[in-house]
Amino acid sequence: MTDLNKRPDTVNLWNEVKQYIKVYSPDIIIGDFNSDCEENLQWKKLKEICNLGYGEPWGKSATRTKEHTPPTFIQGSHLDYALIKNKMECKAYDIDKKSTNGLSDHYSLVIEI
């Protein structure tokens, strides 16, 4: 995993995402956060987003552990997240492991709210 302390552009991106969330308060945030429960700066930044009132549909991502998190990346890590506002109800959420068709090395996240 890249040491973000050596990548100020990446830290700036995280800060821009947090600022966007504070201004626009989106219902859903979906993306490849490159964070798989390791205690590093990526994980810390993801926790900061969760502390703004967001979590994974099946539980708060900030409390997940590597052993209890389904992979979203073909090589076995959970790097992709669909975060919803904590007050929102999720009707369905799935990680579709059949949909890559060789176009990506990440699985699709499917969510219905």
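Residues numbered from 1 in each chain as written. Predicted model: local features only at pLDDT ≥ 70, side-chain atom pairs only at ≥ 80, totals over all residues. Heavy atoms only, no water.

### Observations regarding the overall build of the protein chain
For clarity, the threshold we go by: Secondary structure elements follow DSSP: runs of H or I no shorter than four residues count as helices, runs of E no shorter than two count as strands, and numbering proceeds from the N terminus. Each residue is assigned to one of three classes by its accessible area relative to the maximum for its type, calculated with a 1.4 Å probe on protein chains only: buried under 20%, partly exposed between the two thresholds, exposed over 50%. The contact definition used throughout considers only heavy atoms, calling two residues in contact when any of these lie within 4.5 Å. What sets the accessible areas is the Shrake-Rupley method with a 1.4 Å probe; for residues, cover comes only from the shown protein chains.
What the protein chain contains, in helices and strands, is two helices and five strands. Reading the helices (α) and strands (β) of the protein chain from amino to carboxyl end gives α-β-α-β-β-β-β. Looking at the protein chain as a whole, 35% of its 113 residues qualify as buried. The long-range share in the protein chain, meaning contacts at least 24 apart out of those at least 6 apart in sequence, stands at 64%. Surface exposure of the protein chain reaches about 6900 Å², of which carbon and sulfur atoms provide 48%.

### Side note on the pairing of strand E3 (residues 80-85)
Cut-off, in case you're wondering: Two strands are counted as paired when DSSP detects at least two bridges linking them.
For E3, a buried count of six out of six residues is recorded, marking the element as mostly surrounded by other parts of the structure. Pairing of strand E1 (residues 28-32) with E3 involves five bridges; the strand directions are antiparallel. Looking across to E3, one finds that Ile 29 is bridged to Leu 83. Bridging between strand E2 (residues 54-55) and E3 involves two bridges; their strand directions are antiparallel. Looking across to E3, one finds that Gly 55 is bridged to Ile 84.

### Let's talk about a nonpolar patch on the surface
Threshold: Exposure above 30% relative accessible area and the lack of any salt bridge qualify a residue for a patch; like charges then connect within 9 Å, and the nonpolar side chains Val, Leu, Ile, Met, Phe, Trp and Tyr within 5 Å. For this document, the term salt bridge refers to a Lys or Arg side-chain nitrogen within 4 Å of an Asp or Glu carboxyl oxygen.
Taken together, the side chains of Tyr 20, Val 23 and Tyr 24 present a nonpolar region at the surface, about 360 Å² in accessible area. Considering the arrangement of structural elements, one finds Tyr 24 in helix H1 (residues 8-24). Since its relative accessible area comes to 56%, Tyr 24 is described here as exposed.

### Concerning the environment of Lys 47
Positionally, Lys 47 belongs in helix H2 (residues 41-50). A relative accessible area of 27% means that Lys 47 is categorised as partly exposed. Considering only alpha carbons, one finds Lys 47 and Ser 35, twelve residues apart in sequence, at a separation of 10.0 Å.

### What about the side chain of Lys 45?
Rules: Here a polar contact means two N or O atoms within 3.5 Å. Within protein one must be a hydrogen donor candidate and the other an acceptor candidate, and residues neighboring in sequence count only if both atoms are side-chain atoms.
Mapping Lys 45 onto the fold places it in helix H2. The class of Lys 45 is buried, set by a relative accessible area of 10%. For Lys 45, the side chain forms a polar contact with the side chain of Asn 15, separated by 3.5 Å. If we ignore the near neighbours within four places in the chain, the residues touching Lys 45 are Trp 14, Asn 15 and Lys 18.

### Here we look at the packing of H1 against H2
A pair of packed helices is characterised by two quantities: the angle between their axes and the separation of those axes. For clarity, the threshold we go by: Axis lines are fitted through C-alpha atoms, for helices just across the contact stretch, and the angle between N-to-C directions can take any value from 0 to 180 degrees. Angular relationships are summarised with four words: roughly parallel below 35 degrees, roughly antiparallel beyond 145, roughly perpendicular across 65 to 115, and oblique for the angles in between.
For the pair H1 and H2, the least separation of the axes is 10 Å and the interaxial angle reads 10°. Compared by their axis directions, H1 and H2 come out roughly parallel. Touching Thr 10, Val 11, Trp 14, Asn 15, Val 17, Lys 18 and Ile 21 of H1 are Leu 41, Gln 42, Lys 45, Leu 46, Glu 48 and Ile 49, all from H2.

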